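Observations on the three-dimensional arrangement
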Amino acid sequence: KLSVIGDIYSEEVFYILMDYELARARTNPAPLSLLCIQIIPKTSNQETLHEASNLFASALKKYMRSTDTPCVSGNEFKIMLPATDQNGLNSACERMLLIFQNEFEIEDGNTITFSLHIGGTTHQSGETLSHTELLKKGQSALDQSKQKGLNTYVILP
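What comes next concerns the included structure. (Residues numbered from 1 in each chain as written. Predicted model: local features only at pLDDT ≥ 70, side-chain atom pairs only at ≥ 80, totals over all residues. Heavy atoms only, no water.)

With that settled, the discussion passes to the overall build of the protein. A count of helical and extended segments in the protein gives five helices and six strands. The C-alpha radius of gyration computed for the protein amounts to 15 Å, which stays within 12% of the reference 15 Å derived for 157 residues, consistent with globular compactness. Taken over the C-alpha atoms alone, the protein extends approximately 50 × 30 × 20 Å along its principal axes. For the protein, buried positions account for 45% of its 157 residues. Within the protein, contacts between residues separated by at least 24 positions form 73% of all contacts whose residues are at least 6 apart in sequence. On the protein, roughly 7800 Å² of surface is accessible, and the fraction owed to carbon and sulfur atoms is 49%. Computing the positive centroid from 13 side-chain charges and the negative centroid from 18, the protein places the two 6 Å apart. (Helix = DSSP H or I, 4+ residues; strand = E, 2+ residues; numbered from the N terminus. Rg over C-alpha atoms; globule rule 2.2 N^0.38 Å. Buried < 20%, exposed > 50% of the residue type's maximum accessible area, 1.4 Å probe, protein only. Contact = heavy atoms within 4.5 Å. Areas by Shrake-Rupley, 256 points an atom, 1.4 Å probe, with all protein chains shown as cover. Lys, Arg positive; Asp, Glu negative; His and termini not counted. Charge placed at Lys NZ, Arg CZ, Asp CG, Glu CD.)

A few words on the pattern of salt bridges. Taken as a whole and judged by the stated rule, the model has five salt bridges. Among the salt bridges present, the one from K136 reaches E133, with a minimum N-O distance of 3.9 Å. Pair noted here: K136 and E133 are both in helix α5 (residues 131-148), with a separation of three residues, about one helical turn. When its relative accessible area of 34% is taken as the criterion, E133 is described as partly exposed. (Salt bridge = Lys/Arg side-chain N within 4 Å of Asp/Glu carboxyl O.)

So, on to the packing of aromatic side chains. Tallied over the entire structure, the rule returns seven aromatic pairs. Relative to F77, the ring of F56 lies with its centre 4.8 Å away and its plane at 55°, an arrangement referred to as tilted. Taken together, the residues F56 in helix α3 (residues 52-63) and F77 in strand β3 (residues 76-82) connect sequence positions 21 residues apart. With centroids separated by 6.0 Å and ring planes inclined at 90°, the aromatic side chains of F100 and F114 adopt a geometry described as edge-to-face. Taken together, the residues F100 in the loop between α4 (86-99) and β4 (104-105) and F114 in strand β5 (residues 111-123) connect sequence positions 14 residues apart. Summarising the burial analysis for this pair, F100 and F114 share the class buried. Taken together, the ring pairs connect F56, F77, F100, F104 and F114 into an aromatic cluster. (Phe/Tyr/Trp six-rings, centres within 6.5 Å; stacked < 30°, edge-to-face > 60°.)

Next up on the list: the side chain of Q38. With respect to the helices, strands and loops of the structure, Q38 is situated in strand β1 (residues 32-42). Q38 sits in the buried class, given a relative accessible area of 14%. In this structure Q38 touches N75, E76, S115, L116, H117, L142 and K146, once residues within four positions along its chain are discounted.

In structure tokens:
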């Protein structure tokens, strides 16, 4: 069962943490990936619908690594995945689609399902790594996923 949580970062904090990870990736070369996810919740209960982002976050936290950094803005989530290359990013996208194809039961007995659009990008580190470029590619990949349809993902190198 899902419960409401509040330990997903705001975009402001996320960008600070992202800059820290990017600086670390420049000095200790390691790939860094970014997932951009738009959720489309479905439930018959209006109150549950208002809590959809919190409920998604709760489910998401169960399946993330401790090093992954999530943030939320409305119905869009970003997740920074340190030390994750393109293969790891593909696996993360597949895992998200698999996990969220299920119906989730809420503490009050109601249920909710999520359809997803997922965009991702990865960078092999080095001096050319910037948070602006990563976010732009991630958003572009998310936009392409929206064009493809529900429960799809697009990864841009």
